[in-house]
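Residue-level listing of the chains:
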Amino acid sequence: MGEGMDCRQMFEHLGGYLEGELALALALEFDAHCHACARCRALIQSCRQTILVYRRQTAPPLAPNLHRKLMDRLSAKPPMD
Ligand SMILES: [Zn+2]
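Residues numbered from 1 in each chain as written. Predicted model: local features only at pLDDT ≥ 70, side-chain atom pairs only at ≥ 80, totals over all residues.

1. Observations concerning the nonpolar core
Phase 1: Met10, Phe11, Leu14, Phe30, Cys40 and Leu43 together form the largest nonpolar core, which totals six residues.
Phase 2: Secondary structure elements with two or more residues in this core: helix H1 (7-18) and helix H3 (38-57).
Phase 3: Among the elements that take part in this core, H1 stands out by supplying three residues, more than any other.
Phase 4: Those residues in contact with Met10 that lie beyond four places of it in its chain are Met5, Phe30, His33 and Cys40. (Core = buried A, V, L, I, M, F, W, Y, C linked by C-beta atoms within 7 Å. Buried ≥ 20, exposed ≤ 12 C-beta atoms within 10 Å, placed from the backbone. Helix = DSSP H or I, 4+ residues; strand = E, 2+ residues; numbered from the N terminus. Contact = placed C-beta atoms within 7 Å.)

Written as structure tokens, this is what we have:
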């Protein structure tokens, strides 16, 4: 523990990760953390489902308010290290 990303960094990069905008090295760290952290894994899974539903309903790419929704969700469950 204590190496690579912590949960807070995960949250900071979550939007970019979900939109496939992270640099490869960063995305790999992200994946590594997800592998080790059940909480982040669950969070990302639920975010992905939100995005899938969203994309099914509306054709255009991710709207800015999706990021807001994610942030709202995150602030409801602050990470604890
Ligand atoms: Zn985590």
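2. Considerations on H1
Phase 1: The first and last C-alpha atoms of H1 sit 15 Å apart over twelve residues, in line with the 16 Å expected at 1.5 Å per residue.
Phase 2: The complete set of buried residues in H1 reads Met10, Phe11 and Leu14. Considered in projection along H1, the buried side chains sweep an arc of 100 degrees and stay on one side of the axis.
Phase 3: Just downstream of H1, Gly20 is the residue with a positive phi angle, here 70 degrees. (Expected span 1.5 Å × (residues − 1). Arc of directions from axis to C-beta.)

3. Examining the environment of His67
Phase 1: Here His67 is to be found in helix H4 (residues 64-76).
Phase 2: For His67, a count of 15 C-beta atoms within 10 Å gives the class partly exposed.
Phase 3: For the pair formed by His67 and Gly16, sequence separation is 51 residues and the distance between their alpha carbons is 9.5 Å.

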